[in-house]
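# A closer look at the structure
Residue strings, one per chain:
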Amino acid sequence: MSSHRGVVSLRGPQPTGSYTHAHVQGRMVWVTAQAGRDPGNGELVPGGMEGQLSRAIDNLEAILEDCDSSLDRVITTQIMYTDPADADTIDAVCATRFRPPLPVRTTWGVKFLAAEPGREVVRVQIDCVAETR
Amino acid sequence: MSSDPTIVTKEAPEPRGPYVHARQHGGLVYVTAQIGRDPKTGDFVVGGFEAEFQQAIDNLEAILKAAGSSLAHVVKAQIEFVDERDLDAMNRIYGERFHDPLPARTSFGVAFLWKGAQVQIDCIAALDG
């Protein structure tokens, strides 16, 4: 296995552009931002912020596992979201998924996230950098 | 993972969610985005953008120190701010706090930040020595 490779997992929603799910370099893995999409059909899951963020973290977790890493090896996360009222929900969902040693985090509000205009509203996306096993 | 790679210090505002102030990995320290909250009270400092940005950098500095690094060791900084009219003040204050060799930097305007913060800054820095 090369120490420098792109990874596309069958367990994450398939990339819709010129990017991979993740890129592994040495013992680090950079994961593409994940939205709350079902890996099977690519559709946004229901359940508002809670549903979308839970699914997005599921996708992140599946991609990390396929890169020989895991959620508890995440070093940094970035979370972008569209509604300031969702801030507390983000913390609540993340608290159920991330365990010590916890990652560092940067979050900010955006005007919009990649979606099909008029058909769906993507409320959140999350990316990460992690170490591999 | 032999020793605990995480850093949380009383000299910066307590993390308000499931994350830590900083993490060491591979000779680098990664720092959570800091906003203009007073470490003692946890409240936003008064004085608008400039006061918030100064406090955010103070918090970053305190965390870097606790992690065995400093502002002088920052490799990359990232700044998000809400109002484009604060650009000049951001650049001025940043120039007062960061010196040669200057880090790489990405800054951009955002729709909003947590609980009405005007600005935040995170960084990746080298560990001292």
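To keep things clear, this report deals only with the structure shown in the data block. (Residues numbered from 1 in each chain as written. Chains lettered and ligands numbered in written order. Predicted model: local features only at pLDDT ≥ 70, side-chain atom pairs only at ≥ 80, totals over all residues. Heavy atoms only, no water.)

### Brief notes about the sheet that holds strand β2 (residues 22-25) of chain A
All names here are of chain A. Where we set the bar: Note: two strands are recorded as paired if DSSP finds a minimum of 2 bridges between them. Each helix is a run of DSSP H or I of at least 4 residues and each strand a run of E of at least 2, with the numbering of both proceeding from the N terminus. Between the N-to-C directions of two axes lies an angle of 0 to 180 degrees, each axis being a line fitted to C-alpha atoms and, for a helix, fitted only over the stretch in contact. Whether two residues are in contact is decided by their heavy atoms: any pair within 4.5 Å suffices.
Within the open sheet, the six strands sit side by side as β1-β2-β3-β6-β4-β5. Their pairing is mixed. Looking at the sheet topology across the chains shown, the edges are occupied by β1 (4-7) and β5 (104-109). Ignoring which end each strand starts from, the neighbouring axes of this sheet average 10° apart. Summarising the sheet, strand β4 (residues 74-81) and β5 pair through six bridges and their orientation is parallel. Its bridge partner being in β5, Thr-76 is matched across the sheet by Val-104. Running over the sheet, helix α1 (residues 48-66) touches β2, β3 (28-34), β4 and β6 (124-131) and is turned about 25° from β6.

### Thoughts on the environment of Glu-131 of chain A
When you line up the elements, Glu-131 of chain A lands in strand β6. Along the backbone, Glu-131 of chain A and Ile-75 of chain A are 56 residues apart, and their C-alpha atoms lie at a distance of 7.1 Å.

### Overview of the side chain of Ser-69 of chain B
All names here are of chain B. Applicable threshold: Each residue gets one of three labels from its accessible area relative to the maximum for its type: buried under 20%, exposed over 50%, partly exposed in between, using a 1.4 Å probe on protein chains only. For the purposes of these results, a polar contact is taken to be a pair of N or O atoms within 3.5 Å, where, inside protein, one atom must be able to donate a hydrogen and its partner to accept one; residues adjacent in sequence count only when each atom of the pair is a side-chain atom.
Looking at the element boundaries, Ser-69 is found in the loop between α1 (48-66) and β4 (74-81). For Ser-69, a relative accessible area of 8% puts it in the buried group. At 2.6 Å, the side chain of Ser-69 and the backbone oxygen of Ala-126 are in polar contact. Excluding its chain neighbours within four sequence positions, the residues that come into contact with Ser-69 are Val-29, Leu-64, Ala-125, Ala-126, Leu-127 and Asp-128.

### Quick word on the interface of chain B and chain A
Note the threshold: By buried area we mean how much accessible surface two parts lose on assembly, using a 1.4 Å probe and totalling the loss over both. Every case where a carboxyl oxygen of Asp or Glu lies within 4 Å of a side-chain nitrogen of Lys or Arg is listed as a salt bridge.
Chain B puts 28 residues into the contact, and the matching count from chain A is 28 residues. For the pair chain B and chain A, the summed buried surface comes to about 2200 Å²; carbon and sulfur atoms form 61% of the total. Looking at the side of chain B facing chain A, the largest losses of area belong to Pro-18, Arg-23 and Phe-112 of chain B, adding up to 33% of the total buried there. Among the ionic pairs, Arg-16 of chain B bridges to Asp-91 of chain A, the shortest N-O distance being 3.7 Å. Elements represented by at least two residues in the side of chain B that touches chain A include exactly β2 (22-25), β3 (28-34), β4 and β6 (119-126) of chain B. Of the residues forming the side of chain B that touches chain A, the biggest block, four residues, is contributed by β3 of chain B.

### Let's talk about the pairing of β2 of chain B
Residues and elements named next belong to chain B. Pairing analysis gives two bridges linking strand β1 (residues 6-7) to β2, with the strands arranged antiparallel. Counterpart to Thr-6 in the pairing with β2 is Arg-23. Alignment of β2 against β3, held across four bridges, turns out to be antiparallel. Considered in β3, the bridge of His-25 is made with Leu-28. Hairpin connection from β2 to β3: two residues lie between these consecutive antiparallel strands, with Gly-26 at a positive phi of about 55°.

### Section: the nonpolar core
Our working definition: Each nonpolar core is a collection of buried residues, namely Ala, Val, Leu, Ile, Met, Phe, Trp, Tyr and Cys, held together in the definition by side-chain atoms within 4.5 Å.
Val-29, Val-31, Leu-53, Ile-57, Leu-64, Phe-98 and Ile-126 of chain A are the most contacted members of the largest nonpolar core, which totals 46 residues. Contributing elements (two or more residues each) for this core: β2, β3, α1, β4, α2 (87-97), β5 and β6 of chain A. Here Ile-126 of chain A is in contact with Thr-32, Ala-33, Gln-34, Leu-53, Ala-56, Ile-57, Leu-60, Thr-77, Gln-78, Ile-79 and Phe-98 of chain A, once residues within four sequence places are set aside. The next biggest cluster of nonpolar side chains, apart from the first, holds 27 residues, and it includes Ile-63, Ala-67, Leu-71 and Val-119 of chain B.

### Looking at the packing of α1 of chain A against α2 of chain A
All names here are of chain A. Worth spelling out the cut-off: Handedness of a crossing follows from how the near helix is turned relative to the far one, being left-handed for an anticlockwise turn of less than a right angle and right-handed for a clockwise one.
In the contact formed by α1 and α2, the axes pass within 10 Å of each other and the chain directions differ by 35°. The element α1 and its partner α2 pack so that their crossing is right-handed. Along the contact surface, α1 presents Met-49, Glu-50, Leu-53, Ser-54, Ile-57, Asp-58 and Glu-61, while α2 presents Thr-89, Ile-90, Val-93, Cys-94 and Arg-97.

### Thoughts on empty space enclosed by the protein
Using the following cut-off: In this analysis a 1.4 Å probe is tested at points of a 1 Å grid over the protein atoms alone, and where it fits but cannot get out there is a cavity; an open set with protein on both sides within 12 Å along at least five of seven lines is a pocket; lining residues have an atom within 4 Å of a point. Grid points are joined across faces, edges and corners, and a volume is the space filled by probe spheres set on the points. Polarity classes work like this: nonpolar for Ala, Val, Leu, Ile, Met, Phe, Trp, Tyr, Cys and Pro, charged for Asp, Glu, Lys and Arg, and polar for all others, with Gly in that last group.
Overall, the coordinates contain three cavities of 30 Å³ or more when judged by the stated rule. Quantified by volume, the largest cavity comes out at close to 150 Å³. Lining the largest cavity are 15 residues, and of these Arg-16, Tyr-19, Thr-32, Ala-33 and Gln-34 of chain B lie nearest its centre. Those elements giving two or more residues to the lining of the largest cavity turn out to be β5 of chain A together with β3 of chain B. A per-class count over the lining of the largest cavity returns five nonpolar, six polar and four charged. By volume, the second largest cavity is sized at about 50 Å³. Taken together, Tyr-81, Ala-87, Ile-90, Asp-91, Arg-105 and Thr-107 of chain A together with Arg-16 and Trp-114 of chain B make up the full set of residues lining the second largest cavity.

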